[in-house]
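# Chain and residue survey
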Amino acid sequence: MIDVKKIIKTTECFRIFSADKARGRLSHAYLLLTPDPVYLREYLKAFAEEIFCTEEVADGFCGKCRQCKLIGKENFTDVKIYPEKVGGKISADDITALIEDSSLKPYEADKKAYIITDVSLMTAAAQNKLLKTLEEPPEGVYILLGATSEYSVLPTVRSRVNTLTLPPFTEEALLDALKATCPDETRLKTACINCDGTVGDAEKLYGDDEFYKVVTLAENTVLNLKNSKDVLSIANSAVNSADISEYLSALSVIYRDMAAYLSGGKPFSDRDYKKFTEGYNLASVIYASDKITEAIKRKYFNNNETMLIERTLLSILEGRYIWKKS
């Protein structure tokens, strides 16, 4: 697992939480929303470390004091995590145990915290059982809930907590967070720019050889698409050897970087963009990007993938012709 403590501290939601603590205004319950199910548990533990840290530094919890270390290892007696094991479920009985335990005094600190790592793991009965404690918590008790979607959380629960939203990270932030454990920088950059903005997805793509075959296929599409005679062979190759959604997404990222290059910016990926943009100008690249975006949307309503790719590639060629003449 990646150490996400550094990247979580860069987020606005963590700064809000940390500021609440500094002012002595921490809410009794928070809901953290993030699209990253892989690291949701780790993010919540980081917020718990912020609550209990005794050696706080300028950007938040230290990560080195006894409380921080024990919380990170899930061994701190005043922080209980549900479910105990990754991938488990959270039953109404678990919530009953939480409620009973919350009425007891802390063992080591002057407060207690309960982490529910993913509300989607709770039944409706379990969520309902938690309502009274959320509304009238014992003094010095904090409840940290996590979810990948607010729709998995009952409205009655959402109304009793402060919601913090962790948006997708930038490519630069992901690169910085993952570079220590993912040493191939070129491969890592490709993963970061093609992922959904989460640490979990970037890490998954980094280790996925099939994904890099799709990226190579998309690169070859851009380099080899010269005229309409190339369309059929390129489309057949894409349909026969790639997930079309991943292929279109990879194409979209390449054209986005081409637009950055042609507008004088710095593309994120390390490609020879002078070679990739041969025969294009900025307008034709933007036109191509729009057509790829349309194809991504149309993919969900079009079962003929070959026709979809052919149409998209012909549109890209059309854009090159139109903008070259204008």
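In this report, the structure presented in the accompanying data block is examined. (Residues numbered from 1 in each chain as written. Predicted model: local features only at pLDDT ≥ 70, side-chain atom pairs only at ≥ 80, totals over all residues. Heavy atoms only, no water.)

What follows covers the overall build of the chain. If you tally the helices and strands in the chain, you get 16 helices and 5 strands. Projected onto its principal axes, the C-alpha positions of the chain cover 75 × 40 × 35 Å. The buried share among the 326 residues of the chain stands at 48%. Considering only intrachain contacts with a sequence separation of at least 6, the fraction spanning at least 24 residues in the chain is 70%. Total accessible area on the chain is roughly 16,300 Å²; 51% of this is exposed by carbon and sulfur atoms. Between the mean site of the 43 positive side-chain charges and the mean site of the 48 negative ones, the chain shows a separation of 3 Å. (Helix = DSSP H or I, 4+ residues; strand = E, 2+ residues; numbered from the N terminus. Buried < 20%, exposed > 50% of the residue type's maximum accessible area, 1.4 Å probe, protein only. Contact = heavy atoms within 4.5 Å. Areas by Shrake-Rupley, 256 points an atom, 1.4 Å probe, with all protein chains shown as cover. Lys, Arg positive; Asp, Glu negative; His and termini not counted. Charge placed at Lys NZ, Arg CZ, Asp CG, Glu CD.)

Our next topic: helix 8 (residues 171–178). When helix 8 is considered as a whole, its buried residues turn out to be Glu171, Leu174, Leu175, Ala177 and Leu178. An end-on view of helix 8 places all buried positions within 165 degrees of arc, on one side of the element. Close packing links the buried residues of helix 8 with helix 1 (5–8), helix 9 (185–194), helix 10 (199–206) and helix 13 (244–262). (Arc of directions from axis to C-beta.)

Turning next to the pairing of strand 3 (residues 112–116). A large share of strand 3 lies buried, amounting to 5 of its 5 residues. Burial of strand 3 is two-sided: the residues Lys112, Tyr114 and Ile116 facing one way and the residues Ala113 and Ile115 facing the other way are all buried. Bridge analysis of strand 2 (residues 79–82) against strand 3 gives 4 bridges, and the strand direction is parallel. Note that in strand 3 the partner of isoleucine 81 across the bridge is isoleucine 115. Traced from strand 2 through helix 5 (residues 92–102) to strand 3, the parallel crossover comes out right-handed. Alignment of strand 3 against strand 4 (residues 141–147), held across 5 bridges, turns out to be parallel. Bridge pairing in strand 4 links lysine 112 to valine 141. What joins strand 3 to strand 4 is helix 6 (residues 124–135), and the crossover it makes is right-handed. (Pairing = 2+ DSSP bridges. Right-handed = clockwise from strand over helix to strand, strands pointing away.)

By the element assignment, lysine 21 lies in helix 2 (residues 12–22). Classification of lysine 21 as partly exposed rests on a relative accessible area of 22%. Measuring from C-alpha to C-alpha, the distance between lysine 21 and proline 35 comes to 25 Å, with 14 residues separating the pair along the chain. Each residue touching lysine 21, except ones within four places of it in the same chain, is listed here: Leu26, Glu50, Ile51, Cys53 and Glu56.

Right, let's talk about the packing of aromatic side chains for a bit. Considering all chains together, one arrives at 10 aromatic pairs under this definition. With 5.4 Å between their ring centres and 75 degrees between their planes, phenylalanine 52 and phenylalanine 76 make a pair best called edge-to-face. Taken together, the residues span a long stretch of sequence, with phenylalanine 52 in helix 3 (residues 40–52) and phenylalanine 76 in the loop between helix 4 (66–72) and strand 2 at a distance of 24 residues. You can call phenylalanine 52 buried: its relative accessible area is 3%. Take phenylalanine 76: its relative accessible area is 4%, and that puts it in the buried class. Relative to phenylalanine 276, the ring of tyrosine 273 has its centre 5.8 Å away and its plane inclined at 45 degrees; by these criteria the two rings are tilted. With tyrosine 273 and phenylalanine 276 both in helix 14 (residues 273–276), this residue pair falls 3 residues apart, about one helical turn. Taken together through their ring pairs, the aromatic side chains of Phe14, Phe17, Tyr30, Phe47 and Phe61 make up a single cluster. Taking the ring centre of phenylalanine 61 as reference, the NZ or CZ of lysine 9 above it sits at 4.5 Å. (Phe/Tyr/Trp six-rings, centres within 6.5 Å; stacked < 30°, edge-to-face > 60°. Lys NZ or Arg CZ within 6 Å of the ring centre and 35° of its normal.)

Attention now goes to the sheet that holds strand 2. Overall, parallel pairing links the 5 strands, which are arranged 2-3-4-1-5 in an open sheet. Because the sheet does not close on itself, it has two edges, and the strands there are strand 2 and strand 5 (162–165). In this sheet, adjacent strand axes meet at a mean angle of 20 degrees when their direction is disregarded. Most of the contacts of helix 5 go to strand 3, to which it runs at about 170 degrees, and overall it touches strand 2, strand 3 and strand 4. Packed onto the sheet, helix 6 meets strand 1 (29–33), strand 3 and strand 4 and runs at close to 135 degrees relative to strand 4. (Axes fitted to C-alpha atoms, helices over the stretch in contact; angles between N-to-C directions.)

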